[in-house]
Amino acid sequence: MLKFLNAFLIFIAATILNWTAIELFAPLDLNIGIMLIFSIIMAGILSEGGGYTFAFMSGLFLDFFSDTLFGGYALVFTLIMFIFYRIDDKIDFKDMGPQIVITTALNLLCVILYGLSGIVFTGGFLWQGLKSFIAGSVLTGLFMPFIYLFVTKYLVFKVFKDNNENKTLF
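Residues numbered from 1 in each chain as written. Predicted model: local features only at pLDDT ≥ 70, side-chain atom pairs only at ≥ 80, totals over all residues. Heavy atoms only, no water.

Caption draft 1: Geometry of the packing of helix α2 (residues 34-45) against helix α5 (residues 96-122). Contact geometry of α2 with α5 gives a least axis separation of 11 Å together with a crossing angle of 125 degrees. The pairing of α2 with α5 is recorded here as oblique in orientation. Our pair here, α2 against α5, has a crossing hand that is right-handed. For the pair formed by α2 and α5, the contact residues are Leu-36, Ile-37 and Ile-40 on the first element and Thr-103, Leu-106, Asn-107 and Cys-110 on the second. (Axes fitted to C-alpha atoms, helices over the stretch in contact; angles between N-to-C directions. Helix = DSSP H or I, 4+ residues; strand = E, 2+ residues; numbered from the N terminus. Parallel < 35°, antiparallel > 145°, perpendicular 65-115°, else oblique. Left-handed = near helix turned anticlockwise from the far one by under 90°. Contact = heavy atoms within 4.5 Å.)

Caption draft 2: Examining the layout of surface pockets more closely. In this model, the largest pocket occupies a volume close to 660 Å³. If you list the elements that add at least two residues to the lining of the largest pocket, you get α1 (2-25), α2, α3 (48-64), α4 (72-87) and α5. The biggest single contributor to the lining of the largest pocket is α1, with 5 residues. Split by residue class, the lining of the largest pocket holds 20 nonpolar, 8 polar and 2 charged. (1 Å grid on protein atoms, 1.4 Å probe; cavity = no way out; pocket = protein on both sides within 12 Å on 5 of 7 lines; lining within 4 Å. Points joined across faces, edges and corners; volume = space filled by probe spheres on them. Nonpolar A, V, L, I, M, F, W, Y, C, P; charged D, E, K, R; others polar.)

Caption draft 3: Region of interest: helix α6 (residues 130-155). In the structure, α6 departs most strongly from a straight axis at Met-144, where the bend amounts to approximately 35 degrees and where the proline Pro-145 lies between one and four residues downstream. Residues Ser-132, Phe-133, Gly-136, Ser-137, Thr-140, Gly-141, Met-144, Pro-145, Ile-147, Tyr-148, Val-151 and Leu-155 constitute the buried set of α6. Of the surrounding secondary structure, the elements contacted by the buried residues of α6 are α1, α2 and α5. (Bend = angle between axes of the 7 residues up to and from the residue. Buried < 20%, exposed > 50% of the residue type's maximum accessible area, 1.4 Å probe, protein only.)

Caption draft 4: Structural detail: the packing of aromatic side chains. Under the definition given, this model contains 16 aromatic pairs. For the pair Phe-61 and Phe-65, a centre-to-centre distance of 5.1 Å together with 70 degrees between the ring planes defines the contact as edge-to-face. The class for Phe-61 is buried, based on a relative accessible area of 13%. Accessibility expressed as a relative area gives 57% for Phe-65, which makes it exposed. Here the aromatic residues Phe-11, Trp-19, Phe-54, Phe-61 and Phe-65 are joined through ring pairs into a cluster of three or more. (Phe/Tyr/Trp six-rings, centres within 6.5 Å; stacked < 30°, edge-to-face > 60°.)

Here you go:
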């Protein structure tokens, strides 16, 4: 139960930072993947089931505020976590370099997959713009180490740190 409450606290922090990023970067036409960053961090902490659940709920949260394709972000975030779990054991995600590179690449893939899901479900590619595609993905990658440090240092309770080797769900 304590793990679930800790994951919920992290989700609340993610939503607050996401809204802040929207307010700050919307005038610049940039979409920063704050919810994706938190989903990737939680995928490194939780088991696969927990990571998929957190990513799905994060995507569903974004879908509630999207006006184009409901369920698109939930689907794409779940697919992104599938890819992350395939490469998770091959990289040391605690270092800053891999965090930036992997998060940037996964955000680029997220934007492409979301656009392609638009073709499947609405008949048209959902494009967010080249500026948001490139600069938004790079900024997402650059924010990752700072958010990772914040989450692992201040938001993760002792119960997660003790059982991180087991990677249990909640």
